[in-house]
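Chain residues, written in single-letter form:
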Amino acid sequence: QVQLVESGGGSVQPGESLRLSCAASGLTFSSYGMSWYRQAPGQERELVAGITVTGGSTNYADSVKGRFTISRDNAKNTVYLQINNLKPEDTAVYYCKAVRSFIGTTYDYWGQGTQVTVSS
C-alpha cells in the first residue's frame, strides 16, 4: 500500500521559513517524479514545484521562484520543500504527489496534505 505522509506545516508569521517533508512508503521512490502542490480555500490546487527521479532537474511556479526549493533524498524516500520568506498568500494546504509513467500507464499518488498558515 502506497503512502505519502506530509509533515512540517504550521502557523508562522510573514518572513519566516518552513521545511515541509513528504515521506513515501510502499513504492520504489527513486522511480517516481515528485511534486508539491498547494490549495488555498476556494481555489484550485496548483503545482508549485517538481523534481525528477534523480533530483537533477527541478521546476517551479513563477509565484514561488526564488523562495521555494524542492529537494529529495532517495535513500530516505523523502522529498522536501524549503519555503523561505513566507507570505500570507502562501497560506494553503500543501500536498506532495508521486508520479511515474510505465508502458503507457501513469501511476500517481497523493498525500493527505499539511496546512501552512501565514499571518501576522
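Treat the numbers as computed from the prediction; the structure is a model and nothing was measured.

Visitor: Describe the overall build of the protein chain, listing the residues and the values that go with them.
Guide: When helices and strands are tallied, the protein chain shows zero helices and 11 strands. Along the chain direction, N to C, the helices and strands of the protein chain fall in the order β-β-β-β-β-β-β-β-β-β-β. By the compact-globule yardstick of 14 Å for 120 residues, the protein chain fits well, its C-alpha radius of gyration being 14 Å. Reported as C-alpha extents along the three principal axes, the dimensions of the protein chain are approximately 50 × 25 × 25 Å. Burial statistics for the protein chain: of 120 residues in total, 39% are counted as buried. Residue pairs at least 24 apart in sequence account for 54% of intrachain contacts in the protein chain once pairs closer than 6 positions are excluded. When the accessible area of the protein chain is evaluated, it comes to approximately 6,300 Å², of which 44% is carbon and sulfur surface.

Visitor: Lay out the state of the cysteines with the relevant residues and their values.
Guide: Overall, the coordinates contain one disulfide when judged by the stated rule. For Cys-22, the disulfide goes to Cys-96, at an S-S distance of 1.9 Å. In this structure the cystine formed by Cys-22 and Cys-96 twists about its S-S bond by roughly 50°; its chirality is therefore right-handed. Residue Cys-22 is found in strand S3 (residues 18–25), and its partner Cys-96 is found in strand S9 (residues 92–102); the two are separated by 74 residues along the sequence. The pair Cys-22 / Cys-96 is uniform in exposure class, with both members buried.

Visitor: Explain the pattern of salt bridges residue by residue, including any values.
Guide: Following the criterion strictly, the structure yields four salt bridges and no others. Arg-38 is the salt-bridge partner of Glu-46, the closest N and O atoms lying 2.7 Å from each other. Assessed through its relative accessible area of 6%, Arg-38 is described here as buried. Residues participating in the shared-partner salt-bridge network are Arg-38, Glu-46, Arg-67 and Asp-90.

Visitor: Got a sec to walk through a nonpolar patch on the surface? Specific residues and values, please.
Guide: On the surface, Phe-102, Ile-103 and Tyr-107 cluster together to form a nonpolar patch covering roughly 330 Å² of accessible area. Summarising the element assignment, Ile-103 is placed in the loop between S9 and strand S10 (105–110). On the basis of relative accessible area, Ile-103 is assigned to the exposed category, the value being 73%.

Conventions used here
- Residues numbered from 1 in each chain as written.
- Predicted model: local features only at pLDDT ≥ 70, side-chain atom pairs only at ≥ 80, totals over all residues.
- Heavy atoms only, no water.
- Helix = DSSP H or I, 4+ residues; strand = E, 2+ residues; numbered from the N terminus.
- Rg over C-alpha atoms; globule rule 2.2 N^0.38 Å.
- Buried < 20%, exposed > 50% of the residue type's maximum accessible area, 1.4 Å probe, protein only.
- Contact = heavy atoms within 4.5 Å.
- Areas by Shrake-Rupley, 256 points an atom, 1.4 Å probe, with all protein chains shown as cover.
- Disulfide = S-S within 2.5 Å.
- Salt bridge = Lys/Arg side-chain N within 4 Å of Asp/Glu carboxyl O.
- Patch = residues over 30% accessible without salt bridge, like charges linked within 9 Å, V, L, I, M, F, W, Y side chains within 5 Å.

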